[in-house]
Structures are given as structure tokens and as C-alpha cells.
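# An overview of the molecular structure
The residues making up each chain are set out below.
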Amino acid sequence: MRKFIIIPLFFAFLSCSGPEPGVSLQLASERKETISGLGYRLFFNLPEDPKAPIQASQTIDFRLEKPRQIILDFKDFKEDPAAVALVQVNGKQAKYRFRNEHIVIPRRYFKKGTNTITIDFQAGEQSLNRNEEFLYTLLVPDRARTLFPCFDQPNLKATYTLTLELPAHWEAVSNTPPEQEVLPDAAAQTAHSAAAENAPTRSGRKRITFCPTEPLSTYLFSFVAGQFQLLTETRNGRSISLYHRETDPQKIAQTGIIFDQVFASLEWMEEYTGIPYPFAKYDFIILPGFQYGGMEHTGATLYNDRRMFLGEHPTTGEQLSRMSLIAHETAHMWFGDYVTMAWFDDVWTKEVFANYFAAQMIRPQFPEINHRLNDLRAFYATAYDVDRTAGTNAIKQSLDNLSKAGLIYGNIIYDKAPVVMHMLAEIMGPEAFREGIRTYLHQFAYGNATWEDLISILDRKTPEDLESWSRVWIHSEGMPHIRACMSKDSLVVTQTDPLGRGLLWPQKVTFSLTDGEQTQILTLDLELAEAKAPVTPGMKYILPNTDGLAYGMFLPDSLSLDYILHNLARFEAEETRLSLLMTLYENMLAGNLSGDTLTHALIRYLPAETNNLVRNSALSYIGEATLRYATVKDGLTEAFLLKTAADTAEDKEYRLLAYRTLTGIFTNTLITQQLFEQWDSGKSFDELPFGETEMTSLSYQLMIRLPDKASYIKEKQLERITNLDRRKAYAFIVQAVDPDPAARDAFFQSLLEVENRGTEPWVISALGYLNHFLRQEHALKYICPALAELEEVQRTGDIFFPTSWISACLRGHNSRVAADSVAAFLQEHPGYEPLLKNKILQAADHLSRNLRDSAPLAD
Ligand SMILES: [Zn+2]
């Protein structure tokens, strides 16, 4: 509807001032209607020096329904016409204009049917991630236009034929396998030159041409080049290569398990979808300092080294998270790569399936794990982190320009959406759901689809009304507040919409009722505002969501809340204990119980807990409550954590989890001294794993507590790190814990310059330490400049950077002044981009909760 009204206006607008910056929905829709048969032939000449410019050229072939002006997206030429040396259309030099991040070529050069544009240009740098020994592209969501001129929208899929010239001793990986490799001089020849692979040319360069890709969206086109180690595994006739830069033998030894999980995920997806892996190959690259957990480029999937190579004694949570990351990226090959959203407002449709299926795929790999329990912590708890805040959003958000597409991402699409998808699969039944999924994949193979396309396929396979279900769960933000009480012989359950819209969230909710001895379990269909069920007489306490399947904010009455606080360990099912634990935590945040009460209750309960995933959640709640919400500073928490970490009779993983919690919050002088001695000697409590990762982060924490010893700690830790990439990371981050406040101020100032924010994970760690809770008073002055920089951080950084930037900046703060700074910033910027404002409100949520008597950050 909107599209047809806007297009005529768009033409009028275009004729005088050109297209708006970014890629507007209008421009994308208009191009989609007239352009087809798209292919890019790209050439990049990669120098070894990461500062030298990259010369490039390309040919774009496409069909036009009728002659028309062509608008290419090319953001990163910095208004410097010299960056584009030549533009030819159909063999003739063409006059063109640069306008608002676009190359505009007049209609007169084009004809109906096949057209070819040839461009010589200097490649844009923003998304090239150039390091001394390697570089990689990361073009999601709209960053292809920073690298080369293109039609940067997901529904103009194209084939890519890539040629790279690069140092002869570098590896190169792209979406498809190499077709030929030749010496630069022999580039014109077509014969394969085997010699080039082994013998560097006189100039030490080689040239590789990759096979044409299947139809891909721009954001999936990718290449990686540089110095890497290569491992290849072949199973059942399928070969997969892994590229990495790791040097630690303990970490390299993990490649076997990584390959197992990659192969297992591929096979699971092929079986479920009934579609063999639909692309030429499935290699992957493990990168140090990679900004995401992973990125699903077909045939060249990228992974973060810290998520793939775990420490010597990885926790259960870390092992599950690695497998689910591998499964997630593998599921994307079908959901995202094979069938792609038409526009990034539907990016959640690929993320939801990646996470939903990942949760299924890890089940057979970890048969000993309670996966219902794992889903609760992995999805529900993470979703609540955003859904409880004033900055929450609906699963489906609207998006008028791709320049803001990165802001669509967040916990709601990654974590709430899979919960909701699970409900949908339950409503439909597993067979009908799978059939619907298969129909969807077949119908839109190598193409694009919207959520509406999918829901209409699913709707045909069930008598349920999925449209109205979708309106609440998918298109509306927030979650229900669910209360229950006893009335005569009935349990009465009510749901309310905390945002005052009168919305009702249909779902099943399970309650356990008890008198302290007997238990009655009731599952109610909560379709309306109120539901009732008969109860056994004498029941006193109402325990909500004891199977952990319902989604919402559960508000028990004070008697029941107190019962849960004192009886957590009595519940047999692990998921019941975690679900109730989550309810306690949410009720603390809501002000229904104090941080001290919760902390003390958890310290009493934990010795009886046996499950490490539940322990992990309880310990993180203890950490959060102690840092932010506890008022009694009796040292009880630190003493408990220390005792647990030191107790050799306890489970080793539990001890490690307690130790990690302790190292994040300690303030006690004796404990500080003890931790320093352990770090200094390189030996922790008996048999407690104490690897490089633990020692590195402990060194930062100790430098903050022991400024006199800071330079000793820094030098010694640096000496211990042998891997080149990790030494660089340390040298950068350690600046944030400098004992000299002026040095920290100068470092913070440097982070406000885009050229100093190259490796995002380092910047986020550094910003977190600069705003450490023990230095929050000094760091108050960082809040306003960091907020002021946020729009620029969003423009120049990758998808998760603005969210991580603002949360790293605010996490350590707890004061009224900090809350007021954020409130003042929002007040002074009334027209602030709403998607970005939401990210601020999400990150500042604890500030408004902690100071309940101060003004709310948002109404
Ligand atoms: Zn994903």
C-alpha cells in the first residue's frame, strides 16, 4: 500500500535533489521492480600493507524492464570523485553524479534488456577489517555499499565472480572455491597455473579467480585474505576447510570437536529440511577480534576465536554456547542464505530459525543436558533483559532505510522470537510445522520471502488463527504481567498489559499449588484477561510457571514469594528451580523484594543446588544483586564465593563459576591480596583451572584495586601472553585500567575517534573497564560524550557495536548523577532516532530501577 503512494513522490524528490543517503525502502522497491538478472564481476588488488589503498574494478550485468536512470549505492568514496576513476555503460564512457552516497547514471545510457556497467574505483575501507597480516569483509547489513558500488538490498540477489590479487604467501577464501590461480602477469591466460601456488612470483603476488556464486544477497558476499593455518576434513565425500591463526596447542586440539559439530549440524539441517546443502562449499574461518560470534557467509562462515577456542576447562555453558553458535550459523545456510528476507525489517525471520533450530540441533550432541533448562537460560532470561525495559521493541519492527538496519538486531529477535516460534510449533504440531517449513524453503529457493509469506503458508496448515496470534506476539512489544490468587475453591489467573494497550497474550501457563506438603499442578489456557481452575482445598502458595514454558512477568503474592525464597532447593525439577529463580530476580528488579533478601536467600540455597547451569544463573544473579541492588555491605557474598572457589570437595566447574563471580565484584582487602598472590604465582586454589583467559581478566581487575602494583602487573601479564593477536588486544585494553586518571581520560578521548575503534571487541572491553564500578565517580564525565558519540558509533561501526558501546559505558554506573545524565541527554534530544533511543533505554534500565524515587528515564 505504502509503496504505491510513495513512488511518484519519490520521482519528484529525486529529480531535484537525488536519492536520500543510505538505501531507502522507496529506492529499493523501485529498483526491485525494474532490475533483474544481476551479476557482479569484481576485482580487488590487495596490498600487504594494511594502510595502502586497494585498487578495484567491477562489471555489473543486469536486465532492465525499460530504460531508466540507475542509482548505485557507494557510500565510502568520501565525496572524492577521484575514488571512482571510470564509469562505462554498455562500453561507452558515461557521465554520472555523486549524490548522497550514490552514483547516479542518467537514463539515456541504458536500454531495455541487458546492460553492463564497468567501474574502476578505489575500494572503500569501512568494512574491510584490515589488520597487519589479514583482512576480512563484513558486509551485513548494508555495508557492501561501503566496499564497492552495488544495488545494496537483500532482494536483488546476484551471482558474484571474484578475482583477488594478493601477496603470494597469503591464503584467500570466498563464497565459492577458486576456479584458477595465476601469476599476475599471466592473468589474461586462462590455463591453471599450479606453479603459482608454491612459487611466489617475482613480485611476490598471485591472482585467484573464484567460481561464480549461487544467487546471493549483497550482505552475504565475502572474502578473507591473509596468513592463516589451514585444516581440511573429509567425511562422507564432503570436504570442509578451517582457517585459523591460533598458536596454542591446547586450543588447536579443539578443532576436532569443532569439525564434529559442523558436520553434525549440516547433516541435521539436510535431514530436517529435506534439502541437501544448497551451496558450492562450506568452509569457515576463525578470526581473532571478530566483532560477532559468527557470520553466515555461504562457503566462508566467520567465527570469533574466543567463542570457538575455549579454555582448558570450559564450563557447560561455554560448551553449549559454542555448539549452538555453530548450529546457528549452519541453519542460516537455509534460513537467510537460501531463502532470504526481502527487507531487513524481517531479519528476525532468519535469526529466529537459526536459534530455534540450533536449540534442536544441540540436543543430540549433549544428551546429558536438560535442554528445557538450557532454553530457559539461553532464551527466556536473555529476552527478559530487554523486554522488561522501557526501550523494548516488537519482534517485527519497521525500517525505512537500510542505514538503520543494524539497530533492528537485539535480544528480542534472537531470544524472544525463538520462544514465540516454539509456541507456534506447539500450536501447529511438529509435523505440520515441518511441512510448512519445507514448503516455504521450496517455494522461495534462492529467493526472498517476507514473514507474511511464511505465516500464510503455516496458516493453511492449521485451523488456529495465526494472524491474530502474530499481531500480539510478533507485532507488539512487551510482555504480560501475570498474577494469580485463590478465590474460594478456584485459582484465578489474570494477565494485564503493563503498557496500557489492553493487549492479551494467548499462551498456556502452568502453576504449582502447595500447602507446604501436597502439590497440585494446573495448566491454564490464558486466552483472555482472566482464567479460572478448581483447586484442592487448603492450598496456600501459588508458584507460577513451574515448567518454565510461559513467557511474561510473573508476580506472586507476598506469601508465595516468601515461600519460593525459602524453599527453592525443594523443587525436584531443574527447570522449575531455574524458572522460580528467574521469577525471584525479576521481582527484585520490580522492587517486590530487596537485593539483600535475594542475595542472602541464594547464598542459603546454593549449597543444595547440583546443576551447574542453574548454579551459573544463581551466581550471576548474586553478582548483579551485590553490585547494583544490595545495601548491606557485610562481606557475606565475597566470603561465600571465596569459600566455594576454595572448597576442593566441591564440583570443579561450580568452583570456577564462583571464582569468576568473585573476580568481578571483590572489594575486600584481604581477598584482594589473596587474589593478587594467586595471579602473581600463576596458581589458583587447588586444582582450580587458571588459564590465560582467567589470568588476563584478573590482571585488569587487580590493576584497578592495586594501582601501586599496576605497572608490575601489566608487564608481567604481557610477558605471559605469547600469541601475537592476544598481545595486541592486551596492549590496547590495558590502557583502560591505567592508574593515572589523566591517562585514562586521554584514552577515552581517543575512543571518540573512529580510527581508534577498529577492533570493536577490544573497544568494548576497554570502555567497560574505564567505567568500572570502582571508578564510576571519575567515569561520570565519560557518559555524556559517549552518548553524544553514539550516532557516529552506529554509522561507522558494525551491527552490535552501538548496543555494546552504550551498555559498556553504563554498566558500572549506579549513581543518581549517572541516571540524571542519561535522562538529560534524552531530554535534550527530543527527535533522537527511536531505534537508537531504545538501545539507550535498554542499557540504562538498571539506573532507573536502582533509583526508584528519581524521575523515570522515559514515560
Ligand atoms: Zn544469525
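Residues numbered from 1 in each chain as written. Predicted model: local features only at pLDDT ≥ 70, side-chain atom pairs only at ≥ 80, totals over all residues. Heavy atoms only, no water.

## Topic: the overall build of the protein
From N to C terminus, the protein includes 31 helices and 28 strands. C-alpha extents for the protein along the principal axes are approximately 85 × 65 × 60 Å. For the protein, the residues scored as buried account for 60% of the 859 residues in total. Entry remark: accessible area of the protein is about 33200 Å², with carbon and sulfur atoms responsible for 51%. (Helix = DSSP H or I, 4+ residues; strand = E, 2+ residues; numbered from the N terminus. Buried < 20%, exposed > 50% of the residue type's maximum accessible area, 1.4 Å probe, protein only. Areas by Shrake-Rupley, 256 points an atom, 1.4 Å probe, with all protein chains shown as cover.)

## Focus on a negative patch on the surface
Taken together, Glu464, Asp465, Glu467 and Glu527 make up a surface patch of like negative charges. Structurally, Glu527 can be placed in the loop between β25 (519-526) and β26 (530-534). (Patch = residues over 30% accessible without salt bridge, like charges linked within 9 Å, V, L, I, M, F, W, Y side chains within 5 Å. Salt bridge = Lys/Arg side-chain N within 4 Å of Asp/Glu carboxyl O. Lys, Arg positive; Asp, Glu negative; His and termini not counted. Charge placed at Lys NZ, Arg CZ, Asp CG, Glu CD.)

## What to know about the domain arrangement of the protein
According to the domain assignment, the protein contains domain 1 (36-227), domain 2 (335-473) and domain 3 (740-859). If you average the C-alpha positions of domain 1 and of domain 2, the two centres end up 33 Å apart. Counting residues at the interface gives 14 residues for domain 1 and 17 residues for domain 2. Here domain 1 meets domain 2 over a buried area of about 1100 Å², counting both sides, of which 62% is carbon and sulfur. One can count 0 salt bridges joining domain 1 with domain 2. Applying the counting rule to domain 1 against domain 2 returns 6 residue pairs in polar contact (both at pLDDT 80 or more). Residues that form the side of domain 1 that touches domain 2 fall into these classes: 6 nonpolar, 3 polar and 5 charged. (Domains from an automatic or database assignment. Contact = heavy atoms within 4.5 Å. Buried area = accessible area lost by both parts, 1.4 Å probe. Polar contact = N/O pair within 3.5 Å; in protein donor to acceptor, adjacent residues only side chain to side chain. Nonpolar A, V, L, I, M, F, W, Y, C, P; charged D, E, K, R; others polar.)

## Here we look at the pairing of strand β4 (residues 84-89)
Pairing between β4 and strand β8 (residues 113-122): 5 bridges, direction antiparallel. Residue Val84 lies in a different strand from β8, and its bridge partner there is Phe121. Joining the antiparallel neighbours β4 and strand β5 (residues 92-93) is a turn of 2 residues, in which Asn90 adopts a positive phi near 50 degrees. (Pairing = 2+ DSSP bridges.)

## A short note on the coordination of the zinc ion
Bound to the zinc ion are the protein donor atoms His328 (NE2), His332 (NE2) and Glu351 (OE), situated 2.0 to 2.1 Å from the metal. When the donor residues of the zinc ion are listed from N- to C-terminus, their spacing reads H-x3-H-x18-E. Highlighted residues: His328 and His332, both in helix α8 (residues 316-332), separated by 4 residues, approximately one helical turn. Classification of His328 as buried rests on a relative accessible area of 7%. (Donors = N, O, S within 2.8 Å, 3.2 Å for Na, K, Ca; no water.)

## Considering helix α13 (residues 451-459)
What α13 keeps buried is the set Trp451, Leu454, Ile455, Ile457 and Leu458. Along α13, the residues classed as buried sweep out an arc of 155 degrees about the axis, all on the same side. (Arc of directions from axis to C-beta.)

## Description of the side chain of Asp346
As for its position among the elements, Asp346 is in the loop between β20 (339-341) and α9 (347-365). Polar contacts involving the side chain of Asp346 include one to the main-chain amide nitrogen of Trp451, which spans 3.0 Å. Setting aside residues up to four positions removed in sequence, Asp346 forms contacts with Met341, Lys396, Thr450, Trp451 and Glu452.

## Digging into the packing of aromatic side chains
On inspection of all chains with the given rule, the structure shows 55 aromatic pairs. For the ring pair Phe134 and Tyr136, a centre distance of 6.4 Å and an interplane angle of 10 degrees mean the geometry is stacked. By the burial criterion, Phe134 is buried, and Tyr136 matches it. Taken together, the aromatic side chains of Tyr40, Phe44, Phe74, Phe121, Phe148, Tyr160, Phe221 and Phe223 make up a single cluster linked through ring pairs. Taking the ring centre of Tyr272 as reference, the NZ or CZ of Arg434 above it sits at 5.0 Å. (Phe/Tyr/Trp six-rings, centres within 6.5 Å; stacked < 30°, edge-to-face > 60°. Lys NZ or Arg CZ within 6 Å of the ring centre and 35° of its normal.)

## Observations regarding the sheet that holds strand β11 (residues 171-174)
Overall, antiparallel pairing links the 3 strands, which are arranged β9-β14-β11 in an open sheet. Every other strand in the sheet has two partners, leaving β9 (134-136) and β11 as the edge strands with one partner each. Going across the sheet, the axis of each strand differs from the next one's by a mean of 5 degrees, ignoring polarity. Sheet topology note: the β9/strand β14 (residues 223-226) ladder contains 3 bridges and is antiparallel. In the strand pairing of β14, Phe134 is matched with Gly226. (Axes fitted to C-alpha atoms, helices over the stretch in contact; angles between N-to-C directions.)

## Some words on the nonpolar core
In terms of nonpolar packing, the biggest core is built from 284 residues, with Phe44, Ile117, Phe148, Phe357, Phe433 and Trp805 touching the most fellow members. Every residue in contact with Trp805, bar those within four places of it in the chain, is listed here: Leu751, Leu752, Arg757, Val763, Ile764, Leu767, Ala786, Glu789, Leu790 and Val793. (Core = buried A, V, L, I, M, F, W, Y, C linked by side-chain atoms within 4.5 Å.)

## Re the packing of helix α10 (residues 371-387) against helix α11 (residues 411-428)
When two helices pack together, their arrangement is given by the angle between the helix axes and by the axis-to-axis distance. Between α10 and α11, the least distance of the axes is 8 Å, while the angle of their chain directions is 130 degrees. The angle between α10 and α11 places the two elements in the oblique class. Considering only the axes of α10 and α11, their crossing is left-handed. Along the contact surface, α10 presents Ala378, Phe379, Tyr380, Thr382, Ala383, Asp385, Val386 and Asp387, while α11 presents Asn411, Ile412, Tyr414, Asp415, Lys416, Pro418 and Val419. (Parallel < 35°, antiparallel > 145°, perpendicular 65-115°, else oblique. Left-handed = near helix turned anticlockwise from the far one by under 90°.)

## A closer look at the pattern of salt bridges
Summed over the entire model, instances satisfying the criterion amount to 48 salt bridges. In this structure, the salt-bridge partner of Arg143 is Asp798, at a minimum N-O distance of 3.8 Å. Taken together, the residues span a long stretch of sequence, with Arg143 in the loop between β9 and α3 (144-147) and Asp798 in the loop between α27 (776-796) and α28 (801-810) at a distance of 655 residues. This pair shows no difference in class: Arg143 is buried, exactly as Asp798 is. The residue Arg238 makes a salt bridge to Glu270 at a minimum N-O spacing of 2.4 Å. You can see Arg238 sitting in strand β16 (residues 238-244) and its partner Glu270 sitting in helix α6 (residues 255-273), a full 32 residues away along the chain. A residue is classified by how much of its surface remains accessible, and Arg238, at 23% relative accessible area, is partly exposed. Each of the salt bridges in this network shares a partner with another, and the network as a whole consists of Glu101, Asp142, Arg143, Arg145 and Asp798.

## Structural notes on the side chain of Ser222
Relative to the assigned elements, Ser222 resides in the loop between β13 (205-210) and β14. In terms of polar contacts, Ser222 uses its side chain to reach the side chain of His297, at 3.2 Å. Those residues in contact with Ser222, other than ones at most four positions away along the chain, are Thr137, Val173, Ser174, Asn175, His297 and Ala300.

## Details of the environment of Lys350
If you trace the backbone, Lys350 turns up in helix α9. Accessibility expressed as a relative area gives 3% for Lys350, which makes it buried. With 19 residues separating them along the chain, Lys350 and Ala331 place their C-alpha atoms 8.8 Å apart. Filtering out sequence-adjacent residues up to four positions away, Lys350 remains in contact with Tyr219, Glu296, His332, Phe335, Gly336, Met341 and Tyr409.

## Overview of the environment of Leu424
With respect to the secondary-structure elements, Leu424 resides in helix α11. According to the relative accessible area criterion, Leu424 is buried, its value standing at 0%. The spacing of Leu424 and Gly317 is 107 residues in sequence and 27 Å in space, taken between C-alpha atoms. With sequence-adjacent residues up to four places away left out, Leu424 is seen in contact with Phe433, Trp451, Leu458, Leu466 and Trp469.

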